[in-house]
Amino acid sequence: MTSVTFEIEVASQLPADKVFKVFADLDNLGPKLHPQYFKSIETIEGNGDVGTIKLFTFGDGIPFTSGKYKTESVDVSKYSYSYSVIEGDVLMGILDSINHDVKVVPSADGGSVFKQTVVYNCKGSEKPSEEFLHKEKDVYINIFKTLEAYAIANP
């Protein structure tokens, strides 16, 4: 199976626990802070732990309508969270799944570094374009920076 991977790293002045907490609240904050990306995020199965299934309905700023996401792992003590996109037009007909690994690493200065690895698992040899991947990366960075700004403004 062919796959394509990209990583983002964004330094934050906030401590890791605060960054992780605001990221973990994406279900509530996403549609409020980024209606252009998220119309709604609803849990359709589970309670937030491993195996939870969520339905993301996207806004006009995303070229897809929806995607189902499954929580793969959560480790609050290590500020890590993994999930996979398992259904929806967000898979573009060419992907089996998209895996996301998020980790917030404490910095020596009291801040942290938000790290996200995204792996697109292709069905065949067709892959997402470089232009698409670049836009996706920008969206993830933009979402993080907005969540961070929200956390700073709402201590």
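Thresholds applied
Residues numbered from 1 in each chain as written. Predicted model: local features only at pLDDT ≥ 70, side-chain atom pairs only at ≥ 80, totals over all residues. Heavy atoms only, no water. Helix = DSSP H or I, 4+ residues; strand = E, 2+ residues; numbered from the N terminus. Rg over C-alpha atoms; globule rule 2.2 N^0.38 Å. Buried < 20%, exposed > 50% of the residue type's maximum accessible area, 1.4 Å probe, protein only. Contact = heavy atoms within 4.5 Å. Areas by Shrake-Rupley, 256 points an atom, 1.4 Å probe, with all protein chains shown as cover. Lys, Arg positive; Asp, Glu negative; His and termini not counted. Salt bridge = Lys/Arg side-chain N within 4 Å of Asp/Glu carboxyl O. Polar contact = N/O pair within 3.5 Å; in protein donor to acceptor, adjacent residues only side chain to side chain. Axes fitted to C-alpha atoms, helices over the stretch in contact; angles between N-to-C directions. Parallel < 35°, antiparallel > 145°, perpendicular 65-115°, else oblique. Nonpolar A, V, L, I, M, F, W, Y, C, P; charged D, E, K, R; others polar. Phe/Tyr/Trp six-rings, centres within 6.5 Å; stacked < 30°, edge-to-face > 60°.

Draft legend 1. Geometry of the overall build of the protein. Of regular secondary structure, the protein possesses three helices and seven strands. Of the regular secondary structure in the protein, the N- to C-terminal order runs β-α-α-β-β-β-β-β-β-α. By the compact-globule yardstick of 15 Å for 155 residues, the protein fits well, its C-alpha radius of gyration being 15 Å. Buried residues in the protein amount to 43% of all 155 residues. Contacts spanning at least 24 positions in sequence make up 50% of the contacts within the protein whose residues lie at least 6 apart. About 8100 Å² of surface is accessible on the protein, with carbon and sulfur atoms providing 50% of the total.

Draft legend 2. Structural context of the side chain of E136. Positionally, E136 belongs in helix α3 (residues 130-153). Of the side chains with opposite charge, K135 comes closest to the buried, unpaired E136, at an N-O distance of 9.7 Å. At 3.0 Å, the side chain of E136 and the side chain of Y120 are in polar contact. If near-sequence neighbours (up to four positions away) are discounted, E136 is found in contact with F6 and Y120.

Draft legend 3. Expanded view of the packing of helix α2 (residues 26-33) against α3. At a minimum axis separation of 11 Å, α2 and α3 run at an interaxial angle of 100 degrees. Between α2 and α3, the angle falls in the class roughly perpendicular. Packed against α2, whose contacting residues are L26, L29 and L33, the element α3 presents I143, T146, L147 and Y150 at the interface. Among the residues forming the contact of α2 with α3, the class breakdown is six nonpolar, one polar and no charged.

Draft legend 4. Molecular detail of the packing of aromatic side chains. Overall, the coordinates contain 14 aromatic pairs when judged by the stated rule. Between the aromatic rings of F56 and Y69, the centroid separation amounts to 4.0 Å while the plane-to-plane angle is 20 degrees, which identifies the pairing as stacked. Placement of F56 in strand β3 (residues 53-58) and of Y69 in strand β4 (residues 66-75) is noted, with a sequence separation of 13 residues between them. Seen from their ring centres, Y120 and F132 are 6.3 Å apart, and the 75 degrees between their planes marks the pair as edge-to-face. Of this pair, Y120 sits in strand β7 (residues 112-122) while F132 sits in helix α3, and the two are 12 residues apart along the sequence. Overall, Y120 belongs to the buried group, its relative accessible area being 0%. Ring-pair connections join several aromatic residues into one group, and the members of that group are F23, Y37, F38, F56, F58, Y69, Y81, Y83, F114 and F144.

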